[in-house]
Number of protein chains: 2
Amino acid sequence: MKKNIVVGQSGGPSCAINASLAGVVSAGIKSAEIGKVYGSFNGIEGIIKNNLVDLSDTTEKELELLKITPAMALGSCRFKMPTDFNSEVYSKIVDTFEKNDIGCFFYIGGNDSMDTVLKLSQYFEQKGIDIKVVGVPKTIDNDLMLTDHTPGFGSSARYLTVTVNELIRDISIYDIPSVTIVEIMGRNAGWLTLAAGMPYFMGGNKPDYIALPEQVFDENEFIDTISNKLKTDNNIIAVVSEGLKDKNGEYVGSDSKSGAVDNFGHKYLSGVGKYLELLVKEKIGCKVRSIEINLMQRCAGHLASQTDLDESKIAGEKGVEFAVAGQTGIMVAYNRVSDAPYKIEYQAVPVKDVANFEKKVPTEWLEFENEQAKAKIVEYILPLMQGEVKQQLDENSLPQYFIIKK
Amino acid sequence: MKKNIVVGQSGGPSCAINASLAGVVSAGIKSAEIGKVYGSFNGIEGIIKNNLVDLSDTTEKELELLKITPAMALGSCRFKMPTDFNSEVYSKIVDTFEKNDIGCFFYIGGNDSMDTVLKLSQYFEQKGIDIKVVGVPKTIDNDLMLTDHTPGFGSSARYLTVTVNELIRDISIYDIPSVTIVEIMGRNAGWLTLAAGMPYFMGGNKPDYIALPEQVFDENEFIDTISNKLKTDNNIIAVVSEGLKDKNGEYVGSDSKSGAVDNFGHKYLSGVGKYLELLVKEKIGCKVRSIEINLMQRCAGHLASQTDLDESKIAGEKGVEFAVAGQTGIMVAYNRVSDAPYKIEYQAVPVKDVANFEKKVPTEWLEFENEQAKAKIVEYILPLMQGEVKQQLDENSLPQYFIIKK
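What you see is a predicted model; the values in this text were computed from it and never measured. (Residues numbered from 1 in each chain as written. Chains lettered and ligands numbered in written order. Predicted model: local features only at pLDDT ≥ 70, side-chain atom pairs only at ≥ 80, totals over all residues. Heavy atoms only, no water.)

Taking 1.5 Å per residue as the helical rise, helix α6 (residues 153-171) of chain A with its 19 residues ought to reach 27 Å, and the 26 Å between its terminal C-alpha atoms agrees with that figure. Counting buried positions over the 19 residues of α6 of chain A gives 18, a clear majority of the element. (Helix = DSSP H or I, 4+ residues; strand = E, 2+ residues; numbered from the N terminus. Expected span 1.5 Å × (residues − 1). Buried < 20%, exposed > 50% of the residue type's maximum accessible area, 1.4 Å probe, protein only.)

Listed below in structure tokens is the structure:
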């Protein structure tokens, strides 16, 4: 008898995670080996609580809209699976799977979600339960091992490149010295900040300063560089990662001796952008502004990359293919086989080699004035953000979304 | 003999100010009554310094690209014209105009720029100098009198509506209580915050809270409302204007008794969004985040409104038409003649009745739960943000801009 499947989403949103969901659902519906296709609300929590929705009747037209809808249509969670297999979390999960005759569980998410895939697959193997567990990667941070890049990164990269180009237009209008500091997501890996630096890496002269968590950040060097640039250029723009650290490995701006307090008298940690804004004001004294790109860099579906959404949907479909072929404890990965023309293949990699690792920007790419490094960065990032996604507009010319009702 | 014309841009950027520039240049080139078409770098400062560029050879294709390029292609300034007509500023301006045989000056800008138009036109009249001065409105703030709306507002409104819709998707994913506060530009007028509230006014249930500078902001009422909403809904989103004031007319968060200090020990004024974030943390204690939409709401050309860009270009063309007909000391204005179908006419209004006034959101629109008020708001804003602008993409599928080299 045919088994059913269930799919969940976890971690932070992206513009592409629903494309992967559309891929799993589409392939699940089409597969002769699969019965019903369920979705789990709020990731693994929906499995624990048996809070599922039957997605088997989703139409191709609905899947097309789901593909371009940002954030998680099924909701998300931040749930760390217990290491103790005797925990009732595992028995509840098994209950839900048995109750709904589940043969395979697909989990779309980042690092933490791959830890869930790993633990569940190990648990089922140990208990001799024949339920496959397959991970489909997702993270705008692009920090997963064993995959050329992650679904969601290309769309955020496209958003950041276009937005920084627009900010460069905006800040260039006044004929007085000004510094603009743009803070980009990425606590430990600088991939998104690299993407924000693309207008420079592609041959422009801005952004003027790019700083990643993979580099040691030196405040004096930063102020010296900005001051020097201000001698010949009035409008300076810096893009910096939220995770900048100093030579002691401390997050920039987190200095406990600073004595910053908020309006309520509590110790106050500003973000790195705001901190550097205050630093420029203090040390240089010119007009300065910081901009935190914030959630927009992960949810701006209207500026998603077509390449990213196409690949992300196929990643979901491939997950189903791998599961039907009997694989478990794996994650779908992108293997880049060619740069020009850009071409990737999809493969299954052991999730144990992915979970709880982080992929950093290579050291040799960090010499930003080196032409070879610049070429490497462009060669890597540019193909991932190609293609304008056609939004489905309603009668008011506003983008439409696919909403799954709880 | 045919006279030449010159055009300048002033104030803060928008997505539509280059469309008006394209309109002036296009009509200037086509007019049989006009010789050369000059641009002035950095607004009136370029006139004072005789820093002009000849735009007479701009092609139709270039004008099409200029129309969709965000921010000011000619640069901007913040220059307050002296009230004393004996100031050498006026004689320098006359020098430049005489040197370049200028018969008309077009100034594209907001409130302050219309003050320049007013003063210059009064000066020329008083001195008996036959140079026309025509204002073309521009401000995302939508706060100019005697015009139904301002060029630039519709594009920012479109950006804000789409972005808030995407943020609503983003914040809805977690099944835990959270509050998101979105800070919108508009120091004295709440038009942009109204636009950010469109997902609610158009019939949705979010944003959950909308606050404009036209209303007295009460912290206790804010906290009570948010707390109540959290009883039945986990994911609350508020959109607030940067210019909220309390019952004493003080800007919210500016309380000098708060004792907030920055990392460098200086008194620190956070924006209203950050202040309300800290307030929610203090009074409610749930997960809370503030998002300052910042410059993106004025420079996101990729999400401009086609209606806005079309109207803005025509506004520039009409300015030339009015000047050729002999008008001076006027501003081009939009007169809405019909809501359904939406239709406007262009007219010349006396700039003396525009400069230094501010148009606020009508009091009767501020009852946000009143269906008639909601309908009024939608009827007013929705037509202005209609239409997706087709970007001109380069070989890397990135938006192209028209750059005027200094």
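Structure shown, so let's carry the discussion forward.
Take the sheet that holds strand β7 (residues 209-211) of chain B next. Residue and element names in this part refer to chain B. With parallel pairing, the 4 strands of this open sheet are ordered in space as β7-β8-β6-β9. Strand pairing shows two members of the sheet lacking a second neighbour, β7 and β9 (287-292), which therefore form its edges. Along the sheet, successive strands turn relative to each other by an average axial angle of 15°, direction set aside. Looking at chain direction, strand β6 (residues 178-184) and strand β8 (residues 235-241) are connected through 7 bridges and run parallel. Opposite Ile 181, over in β8, you have Ala 238 as the bridge partner. Those strands touched by helix α10 (residues 272-283) are β6, β8 and β9, and its axis lies near 160° from that of β6. (Pairing = 2+ DSSP bridges. Axes fitted to C-alpha atoms, helices over the stretch in contact; angles between N-to-C directions. Contact = heavy atoms within 4.5 Å.)

All names here are of chain B. Among the secondary structure elements, Lys 359 is positioned in the loop between β11 (342-350) and α13 (371-381). Put simply, Lys 359 is tucked away with no salt bridge, and the nearest opposite charge, on Asp 148, sits 5.9 Å away. In this view, Lys 359 contacts Asn 142, Asp 143, Leu 144, Met 145, Thr 147, Asp 148, His 149, Ala 189, Trp 191 and Tyr 380; residues no more than four positions away in its chain are not counted. (Lys, Arg positive; Asp, Glu negative; His and termini not counted. Salt bridge = Lys/Arg side-chain N within 4 Å of Asp/Glu carboxyl O.)

Each of the two chain copies goes to the other by way of a rotation about an axis and a shift along it. Laying chain B over chain A is done by rotating through 180° and shifting 0.0 Å along the axis; what remains is an RMSD of 0.0 Å. A rotation of that kind, with that shift, is consistent with a two-fold axis. Every residue of chain B has its C-alpha some distance from the rotation axis, and the shortest such distance is that of Val 261 of chain B, at 2.7 Å. A high fraction, 100%, of the interface residues of chain B reappear at the interface in chain A, so the copies pair face to face through one surface. (Least-squares fit on C-alpha atoms with pLDDT ≥ 70 in both.)

Contact with chain B, which involves 74 residues of that partner, is made by 74 residues of chain A. Buried surface at the junction of chain B and chain A, both sides included, amounts to about 6100 Å², of which 56% is carbon and sulfur. The interface formed by chain B and chain A includes 2 salt bridges. Where Arg 298 of chain A meets Asp 170 of chain B, a salt bridge forms, and the shortest distance between an N and an O atom there is 2.7 Å. Summed over the shared surface of chain B and chain A, the number is 25 residue pairs in polar contact (both at pLDDT 80 or more). For the side of chain B that touches chain A, the secondary structure elements donating two or more residues are α6 (153-171), α10, β9 and α11 (296-299) of chain B. Considering every element that reaches the side of chain B that touches chain A, the biggest residue donor is α6 of chain B, with 11 residues. Classifying every residue of the side of chain B that touches chain A gives 33 nonpolar, 24 polar and 17 charged. (Buried area = accessible area lost by both parts, 1.4 Å probe. Polar contact = N/O pair within 3.5 Å; in protein donor to acceptor, adjacent residues only side chain to side chain. Nonpolar A, V, L, I, M, F, W, Y, C, P; charged D, E, K, R; others polar.)

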